[in-house]
Amino acid sequence: MEEEELFLSVGELIPQLCRLHYERAQSLFRALGLWRGQPAILGLLWEQDGRTQGELAAALGLRPPTVTKMLRRMEGSGFISRAPDPDDRRLVRVYLTPAGRAIREAVDAIRRQLAQESLAGLSEEELRLLGGLLRRMCLNLQRHFPGQRPCCGP
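Model, not experiment: these values are computed from the prediction.

Participant: Help me understand the overall build of the protein, please; the structure alone is not making it clear to me.
Facilitator: When helices and strands are counted, the protein shows seven helices and three strands. For the protein, the α and β elements follow one another from N to C terminus as α-α-β-α-α-β-β-α-α-α. Projecting the C-alpha coordinates of the protein onto the three principal axes gives extents of approximately 60 × 35 × 25 Å. Burial status across the protein gives 27% buried among its 154 residues.

So this is what it looks like as structure tokens:
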């Protein structure tokens, strides 16, 4: 296979993989009452409860109105609550509810399950190689978006 054909073949596999991974993750997280992006918000709040909506949007690389909509849905589901900052009423802080704290183990279990399903049959050496290749690809594309939060670990 010529190099150009190989690039196109790999280039076509990446979006297919992303779509399948996304759909599988959604099916698993829906069982917990979570929707797209909500596990990431919970993860940020598990690290530091009481972040502002703006801090969450910046950490996720999303526009504030998008995060506001997500938070509204999470609040309706009982995972978070929002309250004005006591020192600066212009800011809205986001707090985990007991339900938001209690769902952590289930979210972590789904993440492990998704990784195991996605990476089944790969050796440790293959996993290391794949991780390095994906990070390199991510960095290659990230060069076109200076100032955006890094997507790839070290």
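Participant: I tried to follow the side chain of Arg93 on my own but got confused; where do I start?
Facilitator: The residue Arg93 is located in strand E3 (residues 92-96) in this model. At 2.5 Å, the side chain of Arg93 and the side chain of Asp85 are in polar contact. Setting aside chain neighbours within four positions, we find Arg93 in contact with Gly50, Arg51, Thr52, Glu55, Ser81, Arg82, Ala83 and Asp85.

Participant: Any chance you could explain a negative patch on the surface here in plain terms?
Facilitator: Side chains of Glu2, Glu3, Glu4 and Glu5 sit close together on the surface and give a patch of like negative charge. Following the sequence through the fold, Glu3 ends up in helix H1 (residues 3-30). Its relative accessible area of 57% is what places Glu3 among the exposed residues.

Participant: Help me understand helix H4 (residues 64-77), please; the structure alone is not making it clear to me.
Facilitator: Working note: α-helix, 3.6 residues per turn, so residues spaced by three or four point in the same direction. A rise of 1.5 Å per residue sets the reference length of H4, with its 14 residues, at 20 Å; its end C-alpha atoms lie 20 Å apart and thus fit the reference within 8%. Listing the buried residues of H4 in full gives Val67, Thr68, Met70, Leu71 and Met74. End-on view of H4: buried residues confined to an arc of 165 degrees, all on one side of the axis. Turned more than 90 degrees from where H4 packs its buried face, Pro65, Lys69 and Gly76 sit exposed. Where H4 is buried, its residues touch helix H2 (38-47), helix H3 (53-60), strand E2 (80-84) and E3. Among the residues trailing H4, Gly78 stands out with phi positive, at a value near 90 degrees.

What counts, and where the lines are drawn
- Residues numbered from 1 in each chain as written.
- Predicted model: local features only at pLDDT ≥ 70, side-chain atom pairs only at ≥ 80, totals over all residues.
- Heavy atoms only, no water.
- Helix = DSSP H or I, 4+ residues; strand = E, 2+ residues; numbered from the N terminus.
- Buried < 20%, exposed > 50% of the residue type's maximum accessible area, 1.4 Å probe, protein only.
- Polar contact = N/O pair within 3.5 Å; in protein donor to acceptor, adjacent residues only side chain to side chain.
- Contact = heavy atoms within 4.5 Å.
- Patch = residues over 30% accessible without salt bridge, like charges linked within 9 Å, V, L, I, M, F, W, Y side chains within 5 Å.
- Areas by Shrake-Rupley, 256 points an atom, 1.4 Å probe, with all protein chains shown as cover.
- Salt bridge = Lys/Arg side-chain N within 4 Å of Asp/Glu carboxyl O.
- Lys, Arg positive; Asp, Glu negative; His and termini not counted.
- Charge placed at Lys NZ, Arg CZ, Asp CG, Glu CD.
- Expected span 1.5 Å × (residues − 1).
- Arc of directions from axis to C-beta.

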